[in-house]
Amino acid sequence: MTLQSPLIRMMDVNKYYGAFHALKSVSISVRRGEKIVLCGPSGSGKSTLIRCINHLEAIQSGTIEVDGTKLEGTTAIDTIRREVGMVFQSFNLFPHKTVLENCIIAPMRVRGVSRMDAETTAMRLLERVKIANQAQKYPAQLSGGQQQRVAIARALCMEPVAMLFDEPTSALDPEMVKEVLDTMISLANDGMTMICVTHEMGFARQVADRVIFMSDGEIVEENSPKDFFSAPQHKRTRAFLGEILAHH
Ligand code: ADP
């Protein structure tokens, strides 16, 4: 494993839901520190793609590697789940646990960290997402934007090598989108490797090293944000960008 080899690599991945072909020979390679924005119409397979990376979905053929570990066998799957943080559209916090408890469960149970160390790390990361003063509250006592920042801090508590974001702002009221995007921008600036499924094209322009466009289970086009937005190559990409820009 050299610094140059990809941190996340999918090769020729095929995924079916029953007879439905959700990912069609998908290959991507993400370098350490790279920020990818994954976009495309609803139902094109974006969420499926990132869920396959930490094996929330099984694949039928192809290979997936994270940090040199091939995703096969339960040990490898557990390793990768520990190493790759995931943030969902719907936060997925434990409702009956406080913010702080939400952040310390996995490090204690999965990594075997002591409660004291887990709490110290959690408070530092809650500070970083500017929500440490809410540590003793329950998720329902927080706004959506605050809950999503807790979800980001919770993922960071596992000290992931990469973070996957699945439409992290699309369930939020508009006034809360910025606080979550700002948190993601700050993570990106600190060098985190990120794959973000998002329709926030301003975020893509500002942060992405590469934009990948999917349609019907395939990667149709990938490019730097500048070229992706100014000179989309494929007519499906142009149609998608037309739609997105019309709605923003
Ligand atoms: P996107 O994230 O781009 O909106 P998804 O990856 O969620 O797309 O879904 C891709 C396609 O796979 C959609 O047609 C969706 O209906 C289908 N799909 C997703 N999850 C399942 C599932 N658990 N069972 C059956 N079909 C699914």
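It should be noted that the structure appears before, not after, this text.
Residues numbered from 1 in each chain as written. Predicted model: local features only at pLDDT ≥ 70, side-chain atom pairs only at ≥ 80, totals over all residues. Heavy atoms only, no water.

1. As for the packing of helix α3 (residues 99-110) against helix α5 (residues 144-156)
Geometrically, a packed helix pair is captured by the angle between its two axes and the distance between the axes.
And then number 1: Where α3 contacts α5, the two axes come as close as 8 Å, and the packing angle between them is 25 degrees. Our classification of the angle between α3 and α5 gives roughly parallel. Note on packing geometry: the crossing formed by α3 with α5 is right-handed. Between α3 and α5, the contacting residues are Val 99, Asn 102 and Cys 103 on the first element and Val 150, Ala 153 and Arg 154 on the second.
And then number 2: Across the contact of α3 with α5, the residue classes break down as four nonpolar, one polar and one charged. (Axes fitted to C-alpha atoms, helices over the stretch in contact; angles between N-to-C directions. Helix = DSSP H or I, 4+ residues; strand = E, 2+ residues; numbered from the N terminus. Parallel < 35°, antiparallel > 145°, perpendicular 65-115°, else oblique. Left-handed = near helix turned anticlockwise from the far one by under 90°. Contact = heavy atoms within 4.5 Å. Nonpolar A, V, L, I, M, F, W, Y, C, P; charged D, E, K, R; others polar.)

2. What about the site of the ligand?
And then number 1: In the vicinity of the ligand, the contacting residues are Tyr 17, Phe 20, Pro 41, Ser 42, Gly 43, Ser 44, Gly 45, Lys 46, Ser 47 and Thr 48.
And then number 2: Here Gly 43 contributes a backbone N or O atom positioned 2.7 Å from an oxygen atom of the ligand.
And then number 3: Within the contact set of the ligand, an oxygen atom lies 2.8 Å away from a backbone nitrogen or oxygen of Ser 47.
And then number 4: Protein chains bury 59% of the 570 Å² of accessible surface belonging to the ligand in isolation.
And then number 5: At three residues, helix α1 (residues 46-53) tops the list of elements feeding residues into the shell around the ligand.
And then number 6: Its residues assigned to classes, the shell around the ligand comprises three nonpolar, six polar and one charged. (Near = heavy atom within 4 Å. Polar contact = N/O pair within 3.5 Å; in protein donor to acceptor, adjacent residues only side chain to side chain. Areas by Shrake-Rupley, 256 points an atom, 1.4 Å probe, with all protein chains shown as cover.)

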